[in-house]
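Coordinates in review
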Amino acid sequence: MTPFKLRMRTASLLRRIFSTRFLKFGTVGVSGIVVNQGALYVMQEHVFHVQSVAGQVDWLLLNVSLSVAIFLATLNNFFWNRLWTWRDRVELHHRPWVVQFGQYTLACGVSIALQFMFTNLLAPHVYYLIANFIAIGVTSVVNFLLNDIWTFGRLKFKAAALRERKH
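So, a few notes on the structure that sits alongside this text. (Residues numbered from 1 in each chain as written. Predicted model: local features only at pLDDT ≥ 70, side-chain atom pairs only at ≥ 80, totals over all residues. Heavy atoms only, no water.)

Focus: the overall build of the protein
- Within the protein, the secondary structure is distributed over 6 helices and 0 strands.
- Walking the protein from its N terminus toward its C terminus, one meets helices and strands in the order α-α-α-α-α-α.
- Taking the contacts inside the protein whose residues are at least 6 apart along the sequence as the reference set, 78% of them involve residues at least 24 apart. (Helix = DSSP H or I, 4+ residues; strand = E, 2+ residues; numbered from the N terminus. Contact = heavy atoms within 4.5 Å.)

Thoughts on the layout of surface pockets
- Its volume calculated, the largest pocket comes out at about 370 Å³.
- Contributing to the lining of the largest pocket are 24 residues, with Gly-29, Asn-77, Ile-136, Ser-140 and Asn-143 lying nearest its centre.
- Top element by residues in the lining of the largest pocket is helix α2 (residues 20-47). It accounts for 9 residues.
- Taken together, the residues of the lining of the largest pocket sort by class into 11 nonpolar, 13 polar and no charged. (1 Å grid on protein atoms, 1.4 Å probe; cavity = no way out; pocket = protein on both sides within 12 Å on 5 of 7 lines; lining within 4 Å. Points joined across faces, edges and corners; volume = space filled by probe spheres on them. Nonpolar A, V, L, I, M, F, W, Y, C, P; charged D, E, K, R; others polar.)

Section: unusual backbone geometry
- Look at His-49: it is not a glycine, yet its phi comes out positive at around 50°.
- Structurally, His-49 is set in the loop between α2 and α3 (59-85).

Here we look at a nonpolar patch on the surface
- Where nonpolar side chains cluster on the molecular surface, the patch consists of Tyr-41, Val-42, Val-47, Val-126, Tyr-127, Ile-130, Ile-134 and Val-138 and spans about 650 Å² of accessible area.
- Within the residue set of the nonpolar patch, elements represented by two or more residues are α2 and α5 (128-151).
- If you trace the backbone, Ile-134 turns up in helix α5.
- Exposure remark for Ile-134: the relative accessible area of 39% places this residue in the partly exposed category. (Patch = residues over 30% accessible without salt bridge, like charges linked within 9 Å, V, L, I, M, F, W, Y side chains within 5 Å. Areas by Shrake-Rupley, 256 points an atom, 1.4 Å probe, with all protein chains shown as cover. Salt bridge = Lys/Arg side-chain N within 4 Å of Asp/Glu carboxyl O. Buried < 20%, exposed > 50% of the residue type's maximum accessible area, 1.4 Å probe, protein only.)

Points about the nonpolar core
- Core analysis: the largest hydrophobic core is formed by 10 residues, namely Phe-22, Phe-25, Phe-78, Trp-86, Phe-101, Tyr-104, Cys-108, Phe-144, Leu-145 and Phe-152.
- Among the elements of the structure, α2, α4 (97-122) and α5 are those that each provide at least two residues to this core.
- The element contributing the most residues to this core is α4, with 3 residues. (Core = buried A, V, L, I, M, F, W, Y, C linked by side-chain atoms within 4.5 Å.)

As structure tokens, then:
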């Protein structure tokens, strides 16, 4: 790859990250954080009645709680992103929302795995909600790029726009 092509790809990536769409994605993400943190708190404190002691973690209960929290936040984020963030691309999706949710979940899988990893690595050192919050922040950009390109069809959107220009 030539230096020029590398600069162009980097510029394109930065434009995508610092776009209005990314701000919408971030806003939806904040609502997902509220859902995630709320569900994690309810599961740990009210369902499992876990007593938080610094340095001691019940890994099974934390991971069950994280699973519920991540699922609910993923569902919340999918619907808001579909309805608002990528609303201009909905007409290009000819598959049912359940299929698209599966695609969204797979695209988020990398972020979800990283969230589990970072939360588990940080939980013995900081309060579990802070560990989870940091993990969410670290994984947001990867999640946006995967969904922008694959789930909500940036490539399909560009191809359709090019076809329209030719006609």
